[in-house]
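Understanding the architecture of this molecule
Below, each chain spelled out in residue letters.
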Amino acid sequence: AHSSGVTAVLTLLRADEATGGGPGEIACQCLGLGMYWRHFPLSGKRALESTLNAKGQQLASDGSRGGEEHGDKTTLDEAVADVVRLVRSGEHVLVHCSAGLHRTGVVCYLSLRRLGLSAQETIQALESMRPATAQELIRDPGPPQGALQKTAERWLAENRSPAQLTRETPSNPLPPFPHCRSRQGSLKN
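Every value quoted in this text rests on a predicted model; they were computed, and no experiment measured them.

Here strand β1 (residues 8-11) shows no split at all, with Ala8 and Leu10 on one side and Val9 and Thr11 on the other all buried. In this structure, β1 lies alongside strand β2 (residues 36-39), joined through four bridges in parallel fashion. By the bridge assignment, Ala8 is partnered in β2 with Tyr36. Bridge count for β1 against strand β3 (residues 93-96) is four bridges, and the pairing is parallel. What sits directly across from Leu10, in β3, is Val95.

With that out of the way, let us pick up the packing of helix α5 (residues 119-129) against helix α6 (residues 131-138). For the pair α5 and α6, the least separation of the axes is 5 Å and the interaxial angle reads 140°. On α6, the residues touching Ile123, Leu126, Glu127 and Met129 of α5 are Pro131, Ala134, Gln135, Leu137 and Ile138. Along the lines of polarity and charge, the residues of the contact of α5 with α6 split into seven nonpolar, one polar and one charged.

The rules behind each value
- Residues numbered from 1 in each chain as written.
- Predicted model: local features only at pLDDT ≥ 70, side-chain atom pairs only at ≥ 80, totals over all residues.
- Heavy atoms only, no water.
- Buried < 20%, exposed > 50% of the residue type's maximum accessible area, 1.4 Å probe, protein only.
- Helix = DSSP H or I, 4+ residues; strand = E, 2+ residues; numbered from the N terminus.
- Pairing = 2+ DSSP bridges.
- Axes fitted to C-alpha atoms, helices over the stretch in contact; angles between N-to-C directions.
- Contact = heavy atoms within 4.5 Å.
- Nonpolar A, V, L, I, M, F, W, Y, C, P; charged D, E, K, R; others polar.

Okay, structure coming up:
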């Protein structure tokens, strides 16, 4: 990724998704290359749809709604805010989850919309970057979910003010990775 111009990596994997060493190994590699890295663990597609569809529900103290794991609502907000902040500051951002379809697609879609692209421009941009991700966003499996793109658009209209997405620093701290402790100093702030 670094050789292709990527300067920042956002990992959406949960800690229990140990593909290729999991988030800890990804952190070590990114930090070792002097790249910005941040972990925003999001649950899978169903929890993401639940987060996007929730309206007017009270949040638990951890930012979650009604049993969502990992505080997906807060995590989604912060991931989008971080992508927007990074892109505005000139960084080249890579966002990834396990398959690069649902979590990655929604975070990228919401981020590009917050950066001012229209819904159509956003789908076109995602299509040029990764066609499978764009197709998953517009694919409509039927009720009750509907297409993730439509669900994301409702979420943008109902739940978020631009001020909430302009935080300078995400609130989730960099977790300790003892096996790459000497490289943690290369995290960009």
